[in-house]
Amino acid sequence: MPAIKVFVPRETAAISMGANEVALEIERRAEESGESIQLIRNGSWGASWLEPMVEVEVGDARIAYGNVTREDVAGLFESGFLKGGDHPRRLGPTQEIAYLANQDRWSFSRCGVIDPVSVEDYQKHSGFTALEKALAGGAESVLDAVLTSGLRGRGGAAFPTGIKWRTVAETGADQKYIACNGDEGDSGTFSDRILMESDPMSLFEGMAIAGYAVGATKGYIYLRSEYPLTYQVLVEALDHVRSAGWLGEDIQGSGFNFDIEVHLGAGAYICGEETAMLESLEGKRGMIRFKPPLPAHEGLFGKPTVVNNAVTLASVPDIINRGGESYAEYGVDRSKGTLAFQLAGNIKRGGLVEKAFGVTLRELVEDWGGGTASGRPVRAVQVGGPLGAYLAADQLDIPMDYEAFTAIGAIVGHGGIVVFDDTVDMAAQARFAMEFCAIESCGKCTPCRIGSVRGVETIDRIVGGIDREGNQSLLMELCDTLEGASLCAMGSMTPLPVRSAIKHFAEDFGADRGEEQINE
Amino acid sequence: MNAIPYNRDIASELIASFDTRPELLVQILHSFQDRFGWIPEPAIRQLAEELNLSRADVHGVVSFYHDFRATPPGRHVVRICQAEACQAMGSRELSEHAESSLGLKMHESTEELTLEPVYCLGNCACSPAVMVDGDTFGRVSNKRFDHIVNTMKGSD
């Protein structure tokens, strides 16, 4: 009898909840009971609230067991879980879990399914077919497909990927680079991490396709140091892909050379800004650069460089496989395709939900998320990371769409959704936005470096009741200065959470203590 | 952590393992810190010499990044996430609990341990998150925190 396949995720969220201990215990019990199992450390399906989610292959299906602890393992064996047996932890077939079944899996279609470091497994799930197709079809057809797909940068800025690639392709140089931004610093975001831990080869393939399309032979993945497991997975997977001849010199006899290096960041949030990331990749302080020149013209080491987020690049292989048009069929208006939304903070069912643009924030927070973890009412939702606006509970019907968010002074960003219940102190959140800017500013622009410190002090005075009116107008002026006189998003967007907190939650700033409510 | 005292020869080997490429300074500093636990002044001098950079360049990079330490850490490093998703799940209260139970403020060290803030571990669906010696833990209540710390101390 062939060994029974048991899947235990090797992914940060699952491991943070005890997946490694569960895996060891399953192996030990199997050996003890003489059961022949093949333990596969897959990535995560993204239903983080169910982690560690253990699966057993039974016939054609995979039967899932959620929130498994080491203490549960003995009982699982007694219940015959290796044959899909019943148990309080049993969730049923993975594909039928509503949280997953109702998603539009595109960029994350292989996450959780495959062994992330197995080339064979990746190829069984159409891995490297897009690169083959690209090499056969020529660079022009790749550039056309990416442009047609309407894919926009998933890191937050949402710049059209096809236009960026064409700019680099049309810029003459002896050397060009592909730089993958894996410096996922926004709180409430983890889609890059899940992708890189669960399906790293799709990222490598996307980078190689980008390299072929624009004429680059070298790629860098800039990974934040807070993701040590991701680093291990990337390095292992890279090694296997190189050995299989899908990276390196003369890839599969095509004459095309492309290789990738993984570089670690060092705990600086600002290095998620593309030009600061390039400085850091050059071994320097992560100080942002003036633009122009754009990185597409003068990027890494002064050479034309495609800088894309990890999810953006990993979306490309399936766009090549299925055609740009089929990707563009998802989504709304100018927000084409899907985004991996990340449900985080005070939420019952936190995790990754890949869905076509147009889904409402309420559907994500309530239908997928199940409301708050505390069971208390939702009071505020911050979308798009620490530089994103706070939305009030009555704004949840907004569709997730870049333009719809811009219209209300908010951002979709990298798709992070952080939920707060009614115990949140929004003045403390606004203060934190300024404090975070002070801690993480690279220091190049004065409004960001010093204005953020003054912002913290001013909010303290407002909350402390010291000349509340005067300090509120001072804070608004300070926000104007940050917005108008900072080179990058750190300084220019820190006012978003601050302003939105004051606008929607004025009572937390002492407005109910007899002062006039302020307006933007 | 099994840090060893700073050693010039080992430092040279580390630099050579990166082909003495100055653009890999951030990566080399990580390797130094993995081995020595921190970046002492002689390391800055040696890096400048061997990579043909100025000491100011190297010092500037070391001081820019939160990861690089100018003072030796404790044997264990406990990092508590302070960012929004964890705040929504009580990281401020958890940090207070950690400070009082460990008798340390954030950024302080004893020989045994260092307590630090961190801004996002990417474990935001299982907040609040804590990292101990490179291992991430999710849904850390005060009680679970005490358990993690006791396990860590028991590993010495």
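Just so it is clear, the structure is predicted and the values come from calculations on it, not from any experiment. Within every chain, residues take consecutive numbers counted from 1 along the sequence as written. Chains and ligands are labelled by the order in which they are written, letters from A for the one and numbers from 1 for the other. Note on the predicted model: pLDDT of at least 70 is required for a residue's local features to be given, and 80 or more for side-chain atom pairs to be given and counted; whole-chain, interface and lining totals, by contrast, use all residues.

Things to note about the sheet that holds strand β8 (residues 259-264) of chain A
All names here are of chain A. Short version of the rule: Whether two strands pair depends on DSSP finding at least two bridges between them. Only runs of H or I of at least four residues qualify as helices and only runs of E of at least two qualify as strands under DSSP, and these elements are numbered from the N terminus. Between N-to-C directions, angles span 0 to 180 degrees; the directions come from axes that are lines fitted to C-alpha atoms, helices contributing only their stretch in contact.
In spatial order, the strands read β8-β7-β6-β9; together these four strands make up an open sheet with parallel pairing. Either end of the sheet is taken by a strand with one partner, and the two such strands are β8 and β9 (305-309). For this sheet the average axis-to-axis angle between neighbouring strands, irrespective of direction, equals 20°. Across six bridges, strand β6 (residues 177-182) lies against strand β7 (residues 218-223) in parallel orientation. Bridge assignment links Y177 to a residue of β7, and that residue is K218.

Topic: the domain arrangement of chain A
How big an interface is tends to be expressed through the accessible area that disappears when the partners come together. Residue and element names in this part refer to chain A. The cut-off we apply is this: Here the bounds of each domain stem from an automatic or database domain assignment. Here contacts are defined at the residue level, using C-beta atoms placed from the backbone and a cut-off of 7 Å between them. When residues are grouped by polarity, Ala, Val, Leu, Ile, Met, Phe, Trp, Tyr, Cys and Pro land in nonpolar, Asp, Glu, Lys and Arg in charged, and all others, Gly among them, in polar.
One can read the domain layout of chain A as domain 1 (4-101), domain 2 (119-328), domain 3 (331-421) and domain 4 (426-509). Inter-centroid distance (C-alpha atoms) of domain 2 to domain 4 is 34 Å. Each partner contributes residues to the interface: domain 2 has nine residues there, and domain 4 has eight residues. For the side of domain 2 that touches domain 4, a count of residues per class yields seven nonpolar, one polar and one charged.

Focus on the domain arrangement of chain B
Domains assigned within chain B are domain 1 (8-64) and domain 2 (76-154). On a C-alpha basis, the centres of domain 1 of chain B and domain 2 of chain B stand 29 Å from each other.

Side note on the packing of helix α2 (residues 25-36) of chain B against helix α4 (residues 55-64) of chain B
What describes two packed helices is the angle between their axes and the distance between those same axes. Residues and elements named next belong to chain B. The criterion, for reference: Note on terminology: angles under 35 degrees are roughly parallel, angles over 145 are roughly antiparallel, angles of 65 to 115 are roughly perpendicular, and the others are oblique. Should the near helix be turned anticlockwise from the far one by less than a right angle, the crossing is left-handed, and should it be turned clockwise, the crossing is right-handed.
It is the contact of α2 with α4, at a shortest axis distance of 11 Å, that shows an interaxial angle of 70°. The pairing of α2 with α4 is recorded here as roughly perpendicular in orientation. Seen from above, α2 lies across α4 with right-handed handedness. Taken together, the residues of α4 that come into contact with α2 (itself represented by L25, V26 and L29) are V58, V61 and V62. Across the contact of α2 with α4, the residue classes tally to six nonpolar, no polar and no charged.

With respect to the sheet that holds strand β3 (residues 130-132) of chain B
Residue and element names in this part refer to chain B. As summarised here, the arrangement of the four strands in space is β2-β1-β3-β4, forming an open sheet in which the pairing is mixed. The two strands at the open ends of the sheet, each matched to only one other strand, are β2 (113-118) and β4 (135-137). On average, each strand axis in the sheet is inclined to that of its neighbour by 20°, with strand direction left out of account. Bridge count between β3 and β4: three bridges; the pairing is antiparallel. Residue pairing across strands places M131 opposite T136, the latter belonging to β4. Here helix α6 (residues 91-102) sits on the sheet in contact with β1 (76-81) and β2, set at roughly 155° to β1.

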